Number of protein chains: 6
Amino acid sequence: MRDTLYVINPNSSQAVTAGIDSALARLRRPGGVRIECVTLADGPPGVQTQQDVDRAALSVLAFAQQHQDRAAGFVTACFSDPGLQMLRELRGVLSLGISECGALTAMTLGQRLGVIAILQGSIARHWRNWGAMGIAQRVAGEVAIGRGVSELSDHAATLEAMVAAGKRLRDEHGADVLLMGCAGMAAFRAPLEDATGLRVVEPTQAAVAMALGRIQLDW
Amino acid sequence: MRDTLYVINPNSSQAVTAGIDSALARLRRPGGVRIECVTLADGPPGVQTQQDVDRAALSVLAFAQQHQDRAAGFVTACFSDPGLQMLRELRGVLSLGISECGALTAMTLGQRLGVIAILQGSIARHWRNWGAMGIAQRVAGEVAIGRGVSELSDHAATLEAMVAAGKRLRDEHGADVLLMGCAGMAAFRAPLEDATGLRVVEPTQAAVAMALGRIQLDW
Amino acid sequence: MRDTLYVINPNSSQAVTAGIDSALARLRRPGGVRIECVTLADGPPGVQTQQDVDRAALSVLAFAQQHQDRAAGFVTACFSDPGLQMLRELRGVLSLGISECGALTAMTLGQRLGVIAILQGSIARHWRNWGAMGIAQRVAGEVAIGRGVSELSDHAATLEAMVAAGKRLRDEHGADVLLMGCAGMAAFRAPLEDATGLRVVEPTQAAVAMALGRIQLDW
Amino acid sequence: MRDTLYVINPNSSQAVTAGIDSALARLRRPGGVRIECVTLADGPPGVQTQQDVDRAALSVLAFAQQHQDRAAGFVTACFSDPGLQMLRELRGVLSLGISECGALTAMTLGQRLGVIAILQGSIARHWRNWGAMGIAQRVAGEVAIGRGVSELSDHAATLEAMVAAGKRLRDEHGADVLLMGCAGMAAFRAPLEDATGLRVVEPTQAAVAMALGRIQLDW
Amino acid sequence: MRDTLYVINPNSSQAVTAGIDSALARLRRPGGVRIECVTLADGPPGVQTQQDVDRAALSVLAFAQQHQDRAAGFVTACFSDPGLQMLRELRGVLSLGISECGALTAMTLGQRLGVIAILQGSIARHWRNWGAMGIAQRVAGEVAIGRGVSELSDHAATLEAMVAAGKRLRDEHGADVLLMGCAGMAAFRAPLEDATGLRVVEPTQAAVAMALGRIQLDW
Amino acid sequence: MRDTLYVINPNSSQAVTAGIDSALARLRRPGGVRIECVTLADGPPGVQTQQDVDRAALSVLAFAQQHQDRAAGFVTACFSDPGLQMLRELRGVLSLGISECGALTAMTLGQRLGVIAILQGSIARHWRNWGAMGIAQRVAGEVAIGRGVSELSDHAATLEAMVAAGKRLRDEHGADVLLMGCAGMAAFRAPLEDATGLRVVEPTQAAVAMALGRIQLDW
């Protein structure tokens, strides 16, 4: 029985998974598909390098293969979407990525996307993705907050950094919609909208929202 | 009470609206948002020219303004998405277009989009839209079936023409996913997939599926 | 007798029309086509929102249909080019838009276009247009002066804001030619060139200049 | 006294210059700027190779320098626009190229440009130009008629080849407007429109029409 | 001592590695860097799916980590360049991919690249790569020969299929240079040039040639 | 006997040629192809304007024609690559340009290229080239140091200006790799890397490194 949408956090941080899980509360409905957020115990503490991404990809695949019978769909809940293209080779299962769906959703909320990255070193990887998606023309710019995984737990400072990045994207790069380049930080979405006056996309919510509709369509 | 997603068929054809309505059956859920498909009585029999599009835009806006209090969202159910950008100026209401959402959805199902237009004369307008969306690089090509509104009622001949267009997009243009450039023809989706071996996106279903998730998020 | 080029100001401001009219003086020639600048009385005071644009489009069309017999051509004299694509469906009449022709002309005067918008809220609409035209790669950036219609009558302050925007486009965005994103401000063109050292395109002049040649060619 | 627009045919063929000259008849007006078509005696019989282009560039420059005092403007009347960027360094003189203006004009007549080249070997050079202009996205395709300079004098066969190329651009590449990639063949424009049902741009006429307006503006 | 350029065939086929090795003969020089072609015993027989690619990526990384002390550089000798971005995180070691270098080299030999893929299913992956590289505009098209790993051993039939693909890319897609989308088939390069009249890039040779220079520069 | 790679400095500055020559020391090998750096005595002191470029092109061609019998290849050692496309028409001789190869090399070292130009007036010409190469999407920005040929001899001030430009490209434009837009300044490469923390490409070294491999392949 394919009744579960698995939202796969490929890092080993239960706190991140918990953040994702609570952000999806409003997408859960009685009688609707189960939304299960999972932590990959063998994942890295945070996905920061390309090696983290590519290692995580195989963990994500392994999880998906083990749960394919129950899966109505999979969402890769890391902004580098590890394993997404592999999951798409699994027949008959929907797979969506948060980076992908975050960007596609932002494209309906504004014209010029400003992406807030966590780490400077991830930005080149993101641009490769915008290029692969053929949407680089829509990306006004990307700015990193420059905080490592451990520093993210200081919420006030993290929000402050995100607001600063958002304002810079708005004022210097001309962004008119913001995309959070990370998972598990949905709590910052509303304050970021308030502080910048721009619509803000939290990519895990965006991806799960898209996935629910696609599951209903069985596409 | 904002409890209704209005799917607005901007032409006056009840048959098209009925086709849209039945295609959305699987997206309706007990307790979910109401999905109401409406026909604009003052619309043209079919939206074919730019003048049809631009006139329809104001009818769509008028409808939206009248129903804004009840609206959880609006979907412009015509592949030229008449009025979409105006609807987005209405505060606090989601508005999505079927051309837009059809393309965004196809971008998660394949890399090179083949678009099946109804009329040759619409293709330039569609390309302007792909350009405005910044996704022209993802569009492998667009082929028209060249049948007017009245001829579409011959379903067998219409399907045959769509299959021919789909195969041409696949074999000559290199498309690996197809997007139907029309509303109200969801019944052709499955046969078109079978005949071409490619995934096919019906844009009204794609848009409503996206809209339902967005309404739950209140974005 | 098709002897008139109608330059249609779709807003109801006679002052704007007068500004356009005087800017076209040098394009008038004895024995040449008549250039008639018209104000659409039913237009909005200024075209600021998408709704303004789309409503103006139908007024522009209505005017064109009424004057088609006399028309050697039409120019939509608003930077959102309301109705332009509809006018192109009128057989045998030239129609050009000022946004379009302003950009095409700027492409012969520099490599990287800097666009000076009046309002921040119009910039996304302009980017959709640059995308639809397939020239987004040539646009270095767009900066708004952020002054409403009523504030534009303070010429000194408006010019100061335009110069500031132009310098920012030049120094931060790398623009090497400027395009004024408005109609009726031709008087600012020369001072803006002097202040920035860049060539500046006034789009109504650009469009009418192109139109005159096209009328002679009967294209 | 700057009263002459020089239309410079950089090859040595008087027949080509004569063809250009007669095509410009309708752009001449009593009291208007003089339009003088010149043949560069030291040019190659036809501009076919990059070496032809780059050698012609210096001849064009030499001519322009000698005639700068009389020049209201220069048009490089060869589809490779030899010397155009150099001419633009001459202060206070307008310079336009036929390839450039042909493409810009075609962009107002259709969405997807089909370019008819004379020689296969020129197509790569043209694509470099569309790329440099940032408009490659608007070029649906380019097809050569594959006839050398000497063969072009057989008008019937040349027209037949152009019609075949135009139809191929329309039917296989999806072009909705055609651009003739050559100078001196204005006589084929109307028959090509008739045979293909598409608007056809003759680039020398396009460039001179644009130049006349620009000279009036003194831009 | 970093004296070896490792050319890593990520599939387990010794025959492919042998083909690569012999193709590199002309790049070997007395006193020059050692060029060692290696087969990854744990690789798949052929890299065909995304799963093959992503699994191979980790094998490639493991090999590189083990040989980093001896490595002057690494070349990923599979057209999907498995692991390339991970290798680039290894400090102080050059890493180049054959798909990447094949395309960059082809960009110096022609303007419009025609890519010959082995399998239809790889083409979408390749387009993602051209997009990520930001060079999609230079790719005229991609055609697959549609032969699996086992069928490639029939050299005559494989060459015939490659020639057919090359001619189709030249005649229908307008390619003026060909890029072989595979490793280990250098023997087909010259006959393919002869049959099509176009320059042909063999990507492993292209990548190793670039790597040798870069090693000398110590970049 | 084709045994020499000619690196052609198209300006008449022996100092520039000497700078190029010493930068290539590490690319010279016993038994390898001779690398000969030449100064074109009839070149301008520095290539600054388009006229300089286009005049230099013919000098470069003349040199190449005279030395074709001895030439294993030619490198145009000026960032405007004068004559490159003409050289490519010489049969059987490799020709590469430093702008071209510098950019292609930078594309393997980072995702977003920051180009350091000498003169502001060259930037438009460079953008035309990035467009012609179809790689404009990869160029984050270009900043000029604004120093003329004579000022470049003040090395400390020149380096300081290059570091400032590099930091601006990194911090404001988001560049993650730098490309020096000039020849003969290889000595600044390492200090520029140290000061900015980014990889820096010296284009003459990049081009000669690529050329050596291509000569070995006889492509």
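Position numbers for residues count from 1 along each chain, tracking the sequence in the order it is written. Key to labels: chains lettered from A, ligands numbered from 1, both in the order written. Two thresholds apply to this predicted model, a pLDDT of at least 70 for residue-level local features and 80 or more for giving and counting side-chain atom pairs, whereas whole-chain, interface and lining totals are computed over all residues. Side-chain figures throughout are based on the complete set of non-hydrogen atoms in the structure, without hydrogens or water.

**Student:** Give a description of the pattern of salt bridges that names residues and reports values.
**Tutor:** Here, a salt bridge means any side-chain nitrogen of Lys or Arg that lies within 4 Å of a carboxyl oxygen of Asp or Glu. In total, this model carries 48 salt bridges over all chains according to the counting rule given. For Glu193 of chain E, the salt bridge goes to Arg199 of chain E, with nearest N and O atoms at 3.5 Å. Residues Arg189 of chain F and Glu193 of chain F are paired through a salt bridge, measuring 3.0 Å at the closest nitrogen-oxygen approach. With Arg189 of chain F and Glu193 of chain F both in helix 7 (residues 189-196) and four residues apart, the pair spans about one turn of that helix. The buried label goes to any residue with under 20% of its type's maximum accessible area, the exposed label to any with over 50%, and the partly exposed label to all in between, with areas taken from a 1.4 Å probe on protein chains only. The exposure class assigned to Arg189 of chain F is buried, which follows from its relative accessible area of 12%. A single salt-bridge network, built from bridges that share partners, covers Arg189, Glu193 and Arg199 of chain A. Here a strand is any run of E in DSSP of at least two residues, a helix any run of H or I of at least four, and the numbering for each starts at the N terminus.

**Student:** Give me the packing of aromatic side chains: which residues, what numbers.
**Tutor:** The rule is short: rings of Phe, Tyr and Trp, with Trp giving its six-membered ring, pair when the centres are within 6.5 Å, and they are stacked under 30 degrees, edge-to-face over 60, tilted in between. This structure, assessed with the given rule, holds 18 aromatic pairs over all chains. Taken together, a centroid distance of 5.8 Å and an interplanar angle of 20° make the contact between Tyr6 of chain A and Phe74 of chain A stacked. Placement of the pair is Tyr6 of chain A in strand 1 (residues 4-9) and Phe74 of chain A in strand 3 (residues 71-76), with a sequence separation of 68 residues. Its relative accessible area of 3% is what places Tyr6 of chain A among the buried residues. Given a relative accessible area of 0%, Phe74 of chain A falls into the buried group. Three or more aromatic residues link up through ring pairs in this structure, and these residues are Tyr6, Phe63 and Phe74 of chain A. The positively charged end of Arg112 of chain B is found above the aromatic ring belonging to Trp127 of chain E, 3.8 Å away from the centroid. Both a distance and an angle decide whether a charge sits over a ring: NZ of Lys or CZ of Arg must be within 6 Å of the ring centre and within 35 degrees of the ring normal.

**Student:** Give me the lowdown on the environment of Arg70 of chain E, citing residues and values where you can.
**Tutor:** All names here are of chain E. Counting through the fold element by element, Arg70 comes out in the loop between helix 2 (50-67) and strand 3 (71-76). By relative accessible area, which is 38% here, Arg70 ends up partly exposed. Spatially, the C-alpha atoms of Arg70 and Glu202 are 26 Å apart, while their sequence positions differ by 132 residues. Sequence-distant contacts of Arg70, that is, excluding residues within four places in its chain, are made with Met1, Arg2, Asp3, Thr4, Tyr6 and Arg34. When checking whether two residues touch, look at their non-hydrogen atoms; a contact exists if any pair is within 4.5 Å.

**Student:** Can you lay out the side chain of Arg138 of chain E for me, pointing to particular residues and giving the numbers?
**Tutor:** Position of Arg138 of chain E among the secondary structure elements: in the loop between helix 5 (123-133) and strand 6 (139-144). In this tally, Lys and Arg are treated as positive and Asp and Glu as negative; His is ignored, and so are the chain termini. Of the side chains with opposite charge, Glu100 of chain F comes closest to the buried, unpaired Arg138 of chain E, at an N-O distance of 6.5 Å. Residues contacting Arg138 of chain E, with those up to four places away along its chain left out, are Met107, Gly110, Gln111, Arg112 and Leu113 of chain E together with Ala132, Met133 and Gly134 of chain F.

**Student:** Before we move on, can you summarise the domain arrangement of chain A with the specific residues and values?
**Tutor:** All names here are of chain A. Note that domain bounds follow an automatic or database assignment of domains. Per the domain assignment, the segments of chain A are domain 1 (4-98 + 204-217) and domain 2 (101-203). Distance between the C-alpha centres of domain 1 and domain 2: 20 Å. When domain 1 packs against domain 2, the two sides together hide about 1600 Å² of surface, and 57% of this comes from carbon and sulfur. Remark: the boundary between domain 1 and domain 2 carries zero salt bridges. Here a polar contact means two N or O atoms within 3.5 Å. Within protein one must be a hydrogen donor candidate and the other an acceptor candidate, and residues neighboring in sequence count only if both atoms are side-chain atoms. Across the contact surface, domain 1 and domain 2 share ten residue pairs in polar contact (both at pLDDT 80 or more). For the side of domain 1 that touches domain 2, the element with the highest residue contribution is helix 8 (residues 203-217), accounting for five residues. Note on residue classes: Ala, Val, Leu, Ile, Met, Phe, Trp, Tyr, Cys and Pro are nonpolar, Asp, Glu, Lys and Arg are charged, and everything else, Gly too, is polar. Within the side of domain 1 that touches domain 2, the residues separate by chemical class into twelve nonpolar, nine polar and no charged. Buried area adds together the accessible area that both of two parts lose upon being put together, with accessible area traced by a 1.4 Å probe.

**Student:** Account for the sheet that holds strand 8 (residues 199-201) of chain B, naming residues and giving values.
**Tutor:** All names here are of chain B. Pairing is parallel in the open sheet, where four strands are placed in the order 6-5-7-8. Bordering the open sheet on either side are strand 6 (139-144) and strand 8, each of which pairs with just one other strand. Each strand axis lies, on average, 25° off the axis of its neighbour in the sheet, ignoring direction. In short, DSSP must find at least two bridges between two strands for them to pair. In the sheet, strand 5 (residues 113-117) pairs with strand 7 (residues 177-181) via five bridges, with the strands oriented parallel. Bridge pairing in strand 7 links Val115 to Leu179. Across the sheet, helix 6 (residues 155-171) is in contact with strand 5, strand 6 and strand 7; its angle to strand 5 comes to roughly 150°. Comment: axis = line fitted to C-alpha atoms, over the contacting stretch for helices; angle = value between 0 and 180 degrees taken between N-to-C directions.

**Student:** Residue-level account of the pairing of strand 3 (residues 71-76) of chain C, with values.
**Tutor:** All names here are of chain C. Taking burial as the measure, the six residues of strand 3 include six buried ones, the bulk of the element. Bridge count for strand 1 (residues 4-9) against strand 3 is five bridges, and the pairing is parallel. Opposite Val7, over in strand 3, you have Val75 as the bridge partner. As paired strands, strand 3 and strand 4 (residues 94-97) are joined by four bridges and run parallel to one another. When the sheet's bridge partners are listed, Val75 is paired in strand 4 with Leu96.

**Student:** Provide a residue-level description of the nonpolar core, including the pertinent values.
**Tutor:** For our purposes a nonpolar core is just a set of buried Ala, Val, Leu, Ile, Met, Phe, Trp, Tyr and Cys residues, chained together by side-chain atoms within 4.5 Å. Among the nonpolar cores identified, the biggest contains 88 residues, and Val7, Trp130 and Val208 of chain E together with Val7, Trp130 and Val208 of chain F are the most heavily contacted of them. Not counting chain neighbours up to four residues away, the residues in contact with Val7 of chain F comprise Ile20, Leu24, Ile35, Glu36, Cys37, Val38, Val75, Ala77, Thr204 and Val208 of chain F. Leu24 and Leu27 of chain A together with Leu109 and Leu217 of chain B belong to the second largest nonpolar core, which has 87 residues in total.

**Student:** Lay out the sheet that holds strand 3 (residues 71-76) of chain D with the relevant residues and their values.
**Tutor:** All names here are of chain D. Strand order in the open sheet formed by four strands is 2-1-3-4, and the pairing between neighbours is parallel. Taken across any chain shown, the strands that pair with only one partner, and hence form the sheet edges, are strand 2 (34-39) and strand 4 (94-97). Strand-to-strand twist in this sheet, taken as the mean axis angle between neighbours without regard to direction, amounts to 20°. Where helix 1 (residues 14-23) meets the sheet, it contacts strand 1 (4-9) and strand 2, and its direction lies at approximately 165° from that of strand 2. Together, strand 1, strand 2, strand 3 and strand 4 form the strand contacts of helix 8 (residues 203-217), whose direction differs from that of strand 4 by roughly 160°.

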